[in-house]
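Residues per chain, in single letters:
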Amino acid sequence: MLTKRIIPCLDIKDGRVVKGTKFLNLRDAGDPVELAQYYDDEGADELVFLDITASAEKRSILIDVVERTAEKVFIPLTVGGGIKSIEDFRMILRAGADKISINTSAVKNPMLVKEASEIFGSQCVVVAIDAKRHYVKEDEIESIKEDGKNIFKVEDGYCWFEVYIYGGRKETGIDAVNWAKKVEELGAGEILLTSMDKDGTKSGYDIILTREISKSVKLPVIASGGAGKPEHVYEAFVEGKADASLMAGILHYKEYTIKEIKEYCAERGIPMRL
Amino acid sequence: MIGIIDYNAGNLRSIKKAIELYDKAIITKNKEDLLSCDKVVLPGVGNFGTAMKNLSPLVNAINTIISEKIPFLGICLGMQVLFNESEEKEGIKGLGLIKGKVVRFKNVEKLPHMGWNNVKIVNDCPLFEGIADNSYFYFVHSYYVNPDENCVVGKTTYGLEFPSVVNKNNIFATQFHPEKSGKIGLKLIENFIELI
């Protein structure tokens, strides 16, 4: 039976892991290769490297990290951050990445999704969607619906989900459900869905967002943003219909281990690779 | 020395690094080089039509490798191209080394079939040496092989039960990516390399 996946996400800047981690037992807590190996041993199903290096000139540092990881870690590796062209795809895949995640560049140039999936195969094109709740008043609902947006009733009112780019700094006016369907048509192989409302809160994934996106495409959906305890991951799988859960802080700070999260889910009937 | 067939199939680095844990490896499209290897691996991601186009200058070499009884491992798309044809690209002939067609998953909620799934061992095969029945491997594909001859040694369930490992004489093939399947995947690669 196909299992649900637990995916640690490492933010990398200039070749080092950023965001403090509590891996005091590791010789070098900031080395992405060592952390990747550690999570592989812990039972991670895949890994995501998110490069937040500001300048494109430092791409060679990322390439080196990916190459060194591919020598040691034999589970799937997704790399994202600042990837803009087919040539970027080629370089990072050649270094040993299995999938490339694109966000801003997909919104600005949707044909990149199509071209990359035709050249490298859909399986290596992950479209990352950063979505934020855009609340609407009840009397605005009809006109916003006519505008093509998908409105949902949430805990505290009504909203549609808006796509943000540039690391959450710029809104696009694009409806996330429509965008997910569009990237599926263009040939994406997977969606990495981050709730900007929930990211960093440790209060659980945005279940409504996750469920609505997951329902509207056939692509596997990775839920991201908000994981604080194993219950949240379980919810994302059961109620959110997510195929995988991405997490960072909860693991980096050793609040829970991957094994604990997997066991929690498995005990409640979720297929997991233990 | 293990030969990895180079036909522009994307990420060859992982499979090379995995093999290099146990033996030397060379990525090549040169027929003589391939024929001098102890074993040959045909990796693969991407599209059946594109793969067959890129493989066309190598068809003769592959046929010779098979007839010389050199152990041969097809991975993922490298498994699918061993068959006669595929629904992914009608009208394009596969290598035809195993009889049957490659077909698309139907009536499944999610495509591609992506992630870790277990392999049920249905027939003895040296690739499974030291690997427990129902071990998990990493899959990513939307099509699966439907052989017309008896060659299935491992099966996996996704919507239906499909062949995930086949073996015919010196030809071995897996639908999953052993080079991406952690320690158990590496064990399978080691088993292939140690075939006599």
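Naming follows an unreviewed UniProt entry, where chain B appears as Imidazole glycerol phosphate synthase subunit HisH of Methanocaldococcus vulcanius. Taken from UniProt, the Subunit (unreviewed entry) comment for chain B reads in full: "Heterodimer of HisH and HisF." According to the UniProt record, the Pathway (unreviewed entry) comment for chain B reads "Amino-acid biosynthesis; L-histidine biosynthesis; L-histidine from 5-phospho-alpha-D-ribose 1-diphosphate: step 5/9."

If you look chain A up in an unreviewed UniProt entry, it shows as Imidazole glycerol phosphate synthase subunit HisF from Methanocaldococcus vulcanius. According to the UniProt record, the Function (unreviewed entry) comment for chain A reads "IGPS catalyzes the conversion of PRFAR and glutamine to IGP, AICAR and glutamate. The HisF subunit catalyzes the cyclization activity that produces IGP and AICAR from PRFAR using the ammonia provided by the HisH subunit."

Novice: Quick question: what am I supposed to make of the overall build of chain A here?
Specialist: The secondary structure content of chain A amounts to eleven helices and twelve strands. The C-alpha radius of gyration computed for chain A amounts to 18 Å, which stays within 12% of the reference 19 Å derived for 274 residues, consistent with globular compactness. With the C-alpha coordinates of chain A rotated into their principal frame, the extents come out at 60 × 45 × 35 Å. The buried share of chain A, reckoned over its 274 residues, is 59%. Taking as baseline every contact in chain A between residues at least 6 positions apart, the subset at least 24 positions apart corresponds to 66%. Carbon and sulfur atoms form 48% of the exposed surface of chain A, whose accessible area is close to 11,300 Å².

Novice: What is the right way to look at the UniProt feature "active site" (unreviewed entry) in chain B in this model?
Specialist: Residue and element names in this part refer to chain B. On the UniProt side, "active site" (unreviewed entry) is annotated at positions that read C76, H177 and E179 here. A compact arrangement is adopted by the annotated residues: their sequence extent is 104 residues, whereas the largest C-alpha distance between any two is 10.9 Å. Within the secondary structure, C76 sits in the loop between β4 (72-75) and α5 (77-80). Given the relative accessible area of 5%, C76 is considered buried.

Novice: Honestly, the pairing of strand β7 (residues 113-121) of chain B in this entry has me stumped. Any pointers?
Specialist: Regular strands show a simple pattern: their side chains alternate between the two faces of the sheet. Residues and elements named next belong to chain B. Counting buried positions over the nine residues of β7 gives seven, a clear majority of the element. Pairing between β7 and strand β8 (residues 135-141): seven bridges, direction antiparallel. Pairing of N118 across the sheet is with Y136, part of β8. With two bridges joining them, β7 and strand β10 (residues 152-158) adopt antiparallel strand pairing. Of the residues in β10, the one forming a bridge with K120 is K155.

Novice: For this particular structure, what's the right way to read the sheet that holds strand β11 (residues 160-168) of chain B?
Specialist: Residue and element names in this part refer to chain B. Strand order in this open sheet of nine strands is β2-β1-β3-β4-β12-β11-β10-β7-β8, and the pairing throughout is mixed. The sheet is open, and its two borders are formed by β2 (25-28) and β8, each paired with just one other strand. For this sheet, the mean inter-axis angle between neighbouring strands, taken without regard to orientation, is 30°. With four bridges connecting them, β11 and strand β12 (residues 171-174) associate as antiparallel partners. Directly across from V166, in β12, lies its bridge partner A173. Docked against the sheet, helix α4 (residues 59-67) engages β1 (2-5), β3 (39-42), β4 and β12, running at close to 130° with respect to β4.

Novice: In this structure, what is going on with the nonpolar core? I would like to understand it.
Specialist: Soluble globular proteins tend to bury their nonpolar side chains together. Within the largest apolar cluster, 80 residues are counted, with the highest numbers of intra-cluster contacts made by Y39, F89, I129, I191 and M247 of chain A. Element by element, the count of residues in this core is highest for helix α7 (residues 176-186) of chain A, at six residues. If we skip the residues at most four places from it in the chain, M247 of chain A touches I6, I7, P8, C9, Y205, A227, V233 and I261 of chain A. Counting residues in each nonpolar core, the second largest holds 35 residues, with V108, C125, Y144 and I189 of chain B among its members.

Novice: What is the right way to read the UniProt feature "active site" (unreviewed entry) in chain A from this model?
Specialist: All names here are of chain A. In the UniProt entry, the feature "active site" (unreviewed entry) is given for D11 and D130. As for its placement among the helices and strands, D11 is situated in strand β1 (residues 5-13). Overall, the relative accessible area of 13% leaves D11 in the buried class. Mapped onto the elements of the fold, D130 is located in strand β6 (residues 125-136). Look past the residues within four positions of D130 in its chain and what remains in contact with it is N103, E162, V163, Y164, G167, G168, T194 and M196. At 3.2 Å, the side chain of D130 forms a polar contact with the side chain of N103.

So, how was this worked out
Residues numbered from 1 in each chain as written. Chains lettered and ligands numbered in written order. Predicted model: local features only at pLDDT ≥ 70, side-chain atom pairs only at ≥ 80, totals over all residues. Heavy atoms only, no water. UniProt positions renumbered as here; feature names shortened; annotations may be inferred. Helix = DSSP H or I, 4+ residues; strand = E, 2+ residues; numbered from the N terminus. Rg over C-alpha atoms; globule rule 2.2 N^0.38 Å. Buried < 20%, exposed > 50% of the residue type's maximum accessible area, 1.4 Å probe, protein only. Contact = heavy atoms within 4.5 Å. Areas by Shrake-Rupley, 256 points an atom, 1.4 Å probe, with all protein chains shown as cover. Pairing = 2+ DSSP bridges. Axes fitted to C-alpha atoms, helices over the stretch in contact; angles between N-to-C directions. Core = buried A, V, L, I, M, F, W, Y, C linked by side-chain atoms within 4.5 Å. Polar contact = N/O pair within 3.5 Å; in protein donor to acceptor, adjacent residues only side chain to side chain.

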